Amino acid sequence: MSDRKRSTALALASALAGSAVLFTAPAAHAAVVDVAYDCKTPIGDKSAVSPIDIKAVEQGGGYKLTMTFQKGVSSSPIELGKGAMSPSAVILVDGAEKASVPVSGPSNPEAVPPDTPIKITDLSGTYTPKKSGKVTFTAGVLTIMAMGTTTTCTPGNSPKPSLELDVKAPGGGAVPSGAETTGDTLPQTGPADSALALGTLGGTVLLSGAVGVLWLTRRGRRAGS
């Protein structure tokens, strides 16, 4: 292989390697958050803390959200038979847009003994963004319906978001109103902009590679002259 061909191959390999590193950058941040619920129950006020995490999976034009409770947040003075309790909740969306996503889950798969913390099944729902950009997902109000009664549990500790994610609205979405810019920095609105930014950086890598090719080629010619 000639020096010129070898130099070109090395430059292209470096460019591809640089692009691969850029495209593997994480686009989400998740954390398990302790949520302190204040519950209004048929037998009085109760309170409990449950670690909660929220996951999102892209599905069609939206995202399937799954909310998981690691501890029970309420109890019943009498046994709840299998399938007697139905949970639902709201996940609060903030950032590029504000929204409330209803999530729900199956009834209790097993009987719950009296005065035992009720394990909430995983709750899920679909979020379809109207705007592209970075959003956060935070646990909202939890509702438990059991044997004709309703228990409402409200987060009382202003919990932090359980998930931060760059989302893309169907059709690209619009730039969020009130988006701020600093100097020459454009507003960050999500994967579409990330792709453009990566494309620009990739172009820079390729240009640098071209300069390297010229330098190596000229050096090879001097060595052969």
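Please read these numbers as outputs of a predicted model, since none were measured by experiment.

Student: Whenever I open this one, the overall build of the protein chain confuses me. Can you help?
Tutor: Helices and strands together make up the secondary structure of the protein chain, namely 2 helices and 10 strands. Seen in sequence order, the protein chain has helices and strands lined up from the N terminus as α-β-β-β-β-β-β-β-β-β-β-α. When the 225 residues of the protein chain are sorted by exposure, 32% land in the buried category. Counted over contacts in the protein chain with a minimum sequence separation of 6, partners at least 24 positions apart contribute 69%. Of the roughly 13200 Å² that the protein chain leaves accessible, carbon and sulfur atoms contribute 58%.

Student: Please clarify how the state of the cysteines should be interpreted in this entry.
Tutor: Defined simply, a disulfide is a covalent bond joining two cysteines at their sulfur atoms. Inspection of every chain in the model, using the stated rule, returns 1 disulfide. With a sulfur-sulfur separation of 2.1 Å, C39 is cross-linked through a disulfide to C153. When the S-S torsion is 110°, as for the bridge of C39 with C153, the disulfide is right-handed. Within this pair, whereas C39 is found in strand β2 (residues 33-41), its partner C153 is found in strand β9 (residues 149-155), the two being separated by 114 residues in sequence. This pair shows no difference in class: C39 is buried, exactly as C153 is.

Student: Can you help me understand the pattern of salt bridges in this one?
Tutor: Two side chains of opposite charge can pair, provided their charged atoms sit close to one another. One pass over the structure, following the stated rule, counts 4 salt bridges. A salt bridge links D45 to K40, with the nearest nitrogen and oxygen atoms 3.2 Å apart. An identical accessibility class is assigned to D45 and K40; each is exposed. Of the charged contacts in the structure, one is a salt bridge between K98 and D94, with a shortest N-O distance of 2.8 Å. What makes K98 exposed here is its relative accessible area of 66%. D94 sits in the partly exposed class, given a relative accessible area of 34%.

Student: Sorry if this is basic, but what is going on with unusual backbone geometry here?
Tutor: What you tend to see is this: most non-glycine residues have negative phi, and most peptide bonds are trans. Of note in this structure, D115 is not a glycine but carries a positive phi near 55°. Among the secondary structure elements, D115 is positioned in the loop between β6 (99-104) and β7 (123-127). The phi torsion at M147 lies on the positive side, around 50°, for a residue other than glycine. Along the chain, M147 falls in the loop between β8 (133-146) and β9.

Student: What exactly am I supposed to notice about the packing of aromatic side chains here?
Tutor: Given two aromatic rings, one states the distance between the centres and the angle between the planes to describe the pair. If you walk through the whole model with that rule in mind, you get 2 aromatic pairs. For the pair Y127 and F137, a centre-to-centre distance of 5.5 Å together with 80° between the ring planes defines the contact as edge-to-face. Taken together, the positions of Y127 in strand β7 and F137 in strand β8 put the pair 10 residues apart, joining distant regions of the chain. Summarising the burial analysis for this pair, Y127 and F137 share the class buried.

What counts, and where the lines are drawn
- Residues numbered from 1 in each chain as written.
- Predicted model: local features only at pLDDT ≥ 70, side-chain atom pairs only at ≥ 80, totals over all residues.
- Heavy atoms only, no water.
- Helix = DSSP H or I, 4+ residues; strand = E, 2+ residues; numbered from the N terminus.
- Buried < 20%, exposed > 50% of the residue type's maximum accessible area, 1.4 Å probe, protein only.
- Contact = heavy atoms within 4.5 Å.
- Areas by Shrake-Rupley, 256 points an atom, 1.4 Å probe, with all protein chains shown as cover.
- Disulfide = S-S within 2.5 Å.
- Salt bridge = Lys/Arg side-chain N within 4 Å of Asp/Glu carboxyl O.
- Phe/Tyr/Trp six-rings, centres within 6.5 Å; stacked < 30°, edge-to-face > 60°.

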